[in-house]
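Residue strings, one per chain:
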Amino acid sequence: MSDISFYPGPSRVYSSVNEYIYEAYKDGIMSMNHRSPEFMEMMSSAKKHARLNLNIPEEYEIMFVSSATETWEIIAQSLIKETSQHFYNGAFGEKWADYTEKLGRKVIRTEFDLNAELPLDKIHSSAEWICITQNETSNGSQVTNETIAEIRDRSQGQLIAVDATSSMAGIHLDYEKADLWYASVQKCFGLPAGLAVMVCSPAVVKKAESIGEYNHYNSFLRILENHLKNQTHYTPNVLDIYLFYRTNKLSKGIDHINNKVNSRFNNWTELIEKLNGINWLVENEKVRSRTVLSLTHNQPEKVKEKAKKSSLILGNGYGKWKETTFRVANFPAMKGKEIEKLANFFERNYS
Ligand SMILES: *Cc1c(COP(=O)(O)O)cnc(C)c1O
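About the cut-offs
- Residues numbered from 1 in each chain as written.
- Predicted model: local features only at pLDDT ≥ 70, side-chain atom pairs only at ≥ 80, totals over all residues.
- Heavy atoms only, no water.
- Helix = DSSP H or I, 4+ residues; strand = E, 2+ residues; numbered from the N terminus.
- Rg over C-alpha atoms; globule rule 2.2 N^0.38 Å.
- Buried < 20%, exposed > 50% of the residue type's maximum accessible area, 1.4 Å probe, protein only.
- Contact = heavy atoms within 4.5 Å.
- Disulfide = S-S within 2.5 Å.
- Core = buried A, V, L, I, M, F, W, Y, C linked by side-chain atoms within 4.5 Å.
- Salt bridge = Lys/Arg side-chain N within 4 Å of Asp/Glu carboxyl O.

Draft legend 1. Geometry of the overall build of the protein. From N to C terminus, the protein includes 11 helices and 15 strands. Here the C-alpha atoms of the protein give a radius of gyration of 20 Å, agreeing with the 20 Å that 2.2 N^0.38 yields for 351 residues. Dimensions of the protein along its principal axes, counting C-alpha atoms only, are 60 × 55 × 30 Å. In the protein, which comprises 351 residues, the proportion classed as buried is 60%. Pairs at least 24 residues apart make up 72% of the contacts formed inside the protein by residues separated by at least 6 positions.

Rendered as structure tokens:
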């Protein structure tokens with residue numbers, strides 16, 4: 001029997017991907033020219049279905065890039081003139097701040113506790129952007145939609161950028177409450193790595209125009225110009241865009257997926273309360289991620305080894321939580337019977 005991966009990215013892909021890749025090969029998608037009318041039509045449909053599924057406002061643009069990491073650089077080089085403020089409590093939020101600083105921007109770092117809500121009173125009026133990591137994959141914490149709405153209420157003209165890499169397409173997000181959202185597809189979208197989506201409000205386009213930066217292959221305005229023609233700024237991962245199109249076309253939409261992810265999260269919560277020696281890293285349930293479970297144990301290696309013997313792959317801890325935690329993806333592509341198998345494993349060995 002093959003192993004079941006609960007790794008939070010790259011993670012289990014939707015099982016339909018198998019069939020779609022075969023069809024892509026048969027229909028010549030993999031050698032499709034990325035400036036051809038067929039490609040442009042596919043890209044337009046991909047964006048249309050994603051907009052419907054995720055409830056993305058009509059006036060926001062949906063653009064394809066190669067990764068979340070690329071988006072960190074696009075924002076720094078094309079969208080921040082001088083200063084951005086980064087709120088974080090984990091490794092991904094910190095890396096975003098680091099890359100922004102390396103590209104010569106002034107970065108205001110506001111770290112906050114894993115169990116705390118984002119400190120709204122620390123918003124700086126001098127920053128052009130407020131940057132937040134909605135779902136911090138390294139430690140399993142989240143910033144709620146309510147908090148993002150409060151940031152919007154308190155902001156004084158700052159734009160808001162949100163890393164939603166491990167939550168977009170998994171939980172409901174209020175896109176209109178922030179200006180720029182991004183995610184790579186190897187997490188909640190349930191697709192192979194090598195593609196990311198960037199969702200932008202009209203204010204982001206205005207900001208890019210006011211800066212006018214064109215020095216890079218992936219300068220924001222160059223990406224935008226290509227996108228408006230349903231093309232990309234380089235030869236893209238056409239297969240992944242096709243898989244994105246096919247899975248979005250058949251998706252039941254974010255309300256359905258959000259309910260599924262939340263009800264599974266509630267089941268995990270109930271189970272984990274009953275276990276001995278395994279606990280949540282994030283104790284405050286309100287700021288606990290719904291899609292990435294970060295769990296503590298005094299010997300996480302042992303838990304992972306034991307799970308492996310039952311053909312279950314658990315995710316390593318990440319960054320400073322590497323030695324004390326392991327992680328479990330609660331992504332929508334996980335199957336009910338796979339989750340049952342992992343739940344039984346925990347019950348059998350730790351309760
Ligand atoms: C995985 C992840 C990234 C990096 O994604 P890439 O596709 O490797 O660039 C960035 N931010 C968060 C929150 C992530 O979970």
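Draft legend 2. Structural view of the state of the cysteines. By the definition in use, this model includes 0 disulfides. The thiol of C131 is unpaired, and the distance to the nearest cysteine sulfur, on C200, comes to 13 Å. C200 gets classed as buried once you look at its relative accessible area, which sits at 0%.

Draft legend 3. Quick look at the nonpolar core. Counting residues in hydrophobic clusters, the biggest one holds 55 residues, and the most contacted among them are I132, M168, W181, F189 and F244. Leave out the neighbours within four places in its chain, and F189 touches Y14, L54, M168, A169, A183, S184, V197, F244 and N248. Core analysis: the next-biggest nonpolar cluster, separate from the first, contains 26 residues, L79, I80, V204 and L224 among them.

Draft legend 4. Structural detail: the side chain of S219. The residue S219 is located in the loop between α6 (202-211) and α7 (220-228) in this model. Taking the relative accessible area as the measure of exposure, S219 reaches 0% and is therefore buried.

Draft legend 5. Main features of the pattern of salt bridges. If you walk through the whole model with that rule in mind, you get 10 salt bridges. The residue R109 makes a salt bridge to D98 at a minimum N-O spacing of 2.8 Å. A residue pair is termed long-range when its members are at least 10 positions apart, and R109 in strand β4 (residues 106-111) and D98 in helix α4 (residues 91-102) qualify at 11 residues. Here R109 falls in the partly exposed class, since its relative accessible area comes to 31%. Residue D98 is classed as partly exposed on the basis of its relative accessible area, which comes to 26%. A salt bridge links D179 to R152, with the nearest nitrogen and oxygen atoms 3.0 Å apart. Taken together, the positions of D179 in the loop between β8 (159-163) and β9 (180-184) and R152 in helix α5 (residues 145-154) put the pair 27 residues apart, joining distant regions of the chain. Residue class for R152 comes out partly exposed when judged on its relative accessible area of 24%. Salt bridges sharing partners connect three or more residues here, namely D98, E101 and R109.

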